[in-house]
Amino acid sequence: MCGISGIIDQKPVTRNLLTSIANLEYRGYDSCGMAMLNGKGIEVRKNTGGVEEVRSREKLDMMTGNLGIAHTRWATHGGVTTENAHPHLSQNGEFAIVHNGIISNYQKLRERLIGEGLEFRSTTDTEVFVNLVEEAFAQKNDVLGAFLEALKQIQGTYSIVLLSSHDPEHLYCVKQDSPLIIGLGEGCNYIGSDINAFLEHTRKAVVLDDGEFAVISRERYEISDVGKREEREKSILQIDWDTETTKKGGFSHYMIKEIFDEPQTARQALDVPQEQIKQLAEMFQNAPHAYLMGVGTTFFICQMAQYLFSSLSKKYFPAISSDEFNGVVPVSSGELVVAVSQSGETFDTKFSLNVAHEMGAKTAAIVNVMGSSISRMVDHVIMQGSGPEICVVSTKAALAQALLLLRTALELGYKEGCLDSKSFQSHQKELESFPELISILLNEKSGFMRNLARITSSVQNWIFLGCGIYYPVAMESALKMKEVTYLHAEGMPAGFLKHGTLSMIEESVHSLFFVPPPAEVDLHNRTIIAIEEIKTRGGTLVGLYFEGDSQAKSLLDHAVELPPVPSLIAPFVQMILAQMFAYYTALDLKRNIDKPRNLAKSVTVG
Ligand code: M6R
């Protein structure tokens, strides 16, 4: 999704503006640009392509000035063209803006402005807004007054930053349903659509709420309510993310670096205070009905949790994809909706949480990004503390979410008397050993996963299969494979095969089986039955299984054997190795791994 940056400093800001949009690249975009006030007026340079490409083509580093705005655009209204890239200048060139979101009534406003003789350079909704500011300024001769006047006319979702040659001392911004954060520096201030825009320069930030605008100078910032125009006191957020974690650290891609971060991510998830887990477990315990909600990967994490709650606390909490939530859940007062979101900005999840809230439901969330909308809109939030996840596809953040939900299921199981204190303690011990275990596994098994990927990277059609909790593991792993390799990979419960999919089976169709430890007798038996169903029909069998499983070993054509691990954590181990498999397959296929085509890191539109 689009990224916004703005900097006002005593020193030239060119280099920092460039770095800030490079740090927002992970969000996914197709064009970018910068606007700076340089003593003569506003200069805009922009084009299609990546930050480095546009920097060199447009010589962005030759721009000068000590206040500027920049943008990475992911096309929504209007195609991927230089004209549609941001920033957008008003007709007379005295105002420039960057904008995230969608101005829903822009067509009408555009027609009016065209009727009045205005010629648009782009087909965007954004250019309409900047011209509304110019129009209002002609009446008011006051930049803030013009900005607010223009805001009155628009509807939709937006975060906007405005720069004007009439005011070299300030940047102006506003937030409505699209995130915007102010970073507080020494003699300089920053604006970003997320904290990665300025994390290198400051750890202090103020998060704008919907309906708030800010006037920002080098030394000060003033936040007010758009409707009442009253100044608001806001608390300062101290960001504890480590910038080193955002660097690739010698890895060729963020995806593999983030997979190798997983032992540390797991540790961080296990370090989240038990008090917070208890609070969430109590919310589940006290609610007449509770639902788990997420979308994409986080939906599959919720599905895994559904199995964990069922087996550890004998409770059924349905997992629902956020985009379908409102259509199927008649949520009512007192019920609980627990959302999972890495970015904390996903439109569908935010929307459904809002509806749940309006219906009087209690809400909770597991979120990674500090200061994000979802983290601030729920009754109880658990910050997963996984650090920045830069690759578009989620790996380490997903693992942390699953572990936090596992901890909650254990806590609830204990509270409900389904687990006695001995088994609760023994599960806690298993969890404590998990980071070290995956650290060893990642190192020992990466070569095997690499080889498996080499053997199979020409396969065009995959079916990923598992039983019980291994079913959502299969679904999530198939999504990972699709996202990063662009291959067809379909996840399903192993028991589904004979109800239709078996007709597809022939040698070229490969199945990847997530085989549980043999100690999980029922799950294991059911998985072996499905493996045999495919074997009999000549399909090619690939699988992950645990040591000592002679049945799986003898049936699978290509397999990776894993050391014995406790049943509780076995599905997580397989999920991590499947992430690696997707990565190495994509590497062989020379895909754009960290930014797969057509995808964005945080999907803030519906
Ligand atoms: O930021 P969120 O966790 O709310 O994002 C949800 C999905 O958009 C996200 O998990 C998506 O499916 C990723 N590309 C998964 O790798």
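Residues numbered from 1 in each chain as written. Predicted model: local features only at pLDDT ≥ 70, side-chain atom pairs only at ≥ 80, totals over all residues. Heavy atoms only, no water.

## Observations concerning the state of the cysteines
- Inspection of the entire model under this criterion finds zero disulfides.
- Lacking any disulfide linkage, Cys391 is separated from the closest cysteine sulfur, that of Cys2, by 19 Å.
- Exposure remark for Cys391: the relative accessible area of 0% places this residue in the buried category. (Disulfide = S-S within 2.5 Å. Buried < 20%, exposed > 50% of the residue type's maximum accessible area, 1.4 Å probe, protein only.)

## Re the pairing of strand β17 (residues 336–341)
- Counting buried positions along β17 yields six of six residues, so the element is predominantly enclosed.
- With burial as the criterion, each face of β17 is covered, one bearing Leu336, Val338 and Val340 and the other bearing Val337, Ala339 and Ser341.
- Following the chain from β17 across helix α11 (residues 347–358) to the adjacent parallel strand β18 (residues 362–367), one finds a crossover that is right-handed. (Helix = DSSP H or I, 4+ residues; strand = E, 2+ residues; numbered from the N terminus. Right-handed = clockwise from strand over helix to strand, strands pointing away.)

## Points about the packing of helix α9 (residues 297–313) against helix α13 (residues 396–415)
- Across the interface, α9 lies against α13 with an axial gap of 9 Å and an inter-helix angle of 20°. By the angle class used here, α9 and α13 are roughly parallel. Considering only the axes of α9 and α13, their crossing is right-handed. On α13, the residues touching Thr297, Thr298, Ile301, Ala305, Leu308, Phe309, Leu312 and Ser313 of α9 are Ala398, Gln401, Ala402, Leu405, Leu406, Thr408, Ala409, Leu410, Leu412 and Gly413.
- Residues that form the contact of α9 with α13 fall into these classes: 12 nonpolar, six polar and no charged. (Axes fitted to C-alpha atoms, helices over the stretch in contact; angles between N-to-C directions. Parallel < 35°, antiparallel > 145°, perpendicular 65-115°, else oblique. Left-handed = near helix turned anticlockwise from the far one by under 90°. Contact = heavy atoms within 4.5 Å. Nonpolar A, V, L, I, M, F, W, Y, C, P; charged D, E, K, R; others polar.)

## Comments concerning the nonpolar core
- In this structure, Phe284, Leu292, Phe434, Trp462, Phe513 and Phe572 are the most contacted members of the largest nonpolar core, which totals 118 residues.
- Among the elements that line this core, the one with the most residues is helix α18 (residues 570–588), at 13 residues.
- In this structure, this core is formed jointly by two domains, domain 2 (248–432) and domain 3 (443–593), each of which donates at least three residues.
- Residues contacting Phe513, with those up to four places away along its chain left out, are Leu465, Ala494, Leu497, Thr527, Ala530, Ile531, Ile534, Leu541, Val542, Gly543 and Leu544.
- The next biggest cluster of nonpolar side chains, apart from the first, holds 29 residues, and it includes Tyr106, Ala136, Tyr158 and Phe213. (Core = buried A, V, L, I, M, F, W, Y, C linked by side-chain atoms within 4.5 Å. Domains from an automatic or database assignment.)

## Notes on the site of the ligand
- Neighbouring residues of the ligand: 13 residues in total, closest Ser341, Gln342, Ser343, Thr346 and Glu483.
- Take Gln342: an N or O atom from its main chain is 2.6 Å from an oxygen atom of the ligand.
- When the ligand sits alone it has 410 Å² of accessible area, and the protein chains cover 91% of it.
- Put simply, the parts of the chain that give the shell around the ligand at least two residues each are α9 and α15 (470–485).
- Looking at the shell around the ligand residue by residue, the classes come out as three nonpolar, eight polar and two charged. (Near = heavy atom within 4 Å. Polar contact = N/O pair within 3.5 Å; in protein donor to acceptor, adjacent residues only side chain to side chain. Areas by Shrake-Rupley, 256 points an atom, 1.4 Å probe, with all protein chains shown as cover.)

## Topic: the domain arrangement of the protein
- On domain assignment, one finds that the protein holds domain 1 (3–239), domain 2 (248–432) and domain 3 (443–593).
- The C-alpha centroid of domain 3 is placed 25 Å from the C-alpha centroid of domain 2.
- Taken together, the contact between domain 2 and domain 3 spans 29 residues of the former and 25 residues of the latter.
- Both sides of the domain 2 and domain 3 interface together cover about 2400 Å² of buried area, and 78% of this is carbon and sulfur.
- The largest per-residue losses of area from domain 2 upon contact with domain 3 belong to Phe300, Met304 and Tyr307, which jointly make up 24% of the total buried on that side. (Buried area = accessible area lost by both parts, 1.4 Å probe.)

## A short note on the packing of aromatic side chains
- Tallied over the full model, the rule gives 16 aromatic pairs.
- Plain terms: the ring middles of Phe347 and Phe351 are 5.8 Å apart, the flat faces sit at 15° to each other, and that makes the pair stacked. Here Phe347 pairs with Phe351, and both are found in helix α11, just four residues apart, close to one helical turn.
- Each ring, one from Trp462 and one from Phe464, has its centre 5.8 Å from the other, and the planes form 90°; the classification is edge-to-face. Judged on exposure class, the residue Trp462 and its partner Phe464 are both buried.
- Taken together through their ring pairs, the aromatic side chains of Trp462, Phe464, Phe514 and Phe581 make up a single cluster.
- Stacked on the ring of Phe120, the Lys or Arg Arg110 has its end atom at 4.6 Å from the ring centre.
- Here the guanidinium or amino end of Lys445 rests over the ring plane of Phe448, the centre of that ring lying 4.6 Å away. (Phe/Tyr/Trp six-rings, centres within 6.5 Å; stacked < 30°, edge-to-face > 60°. Lys NZ or Arg CZ within 6 Å of the ring centre and 35° of its normal.)

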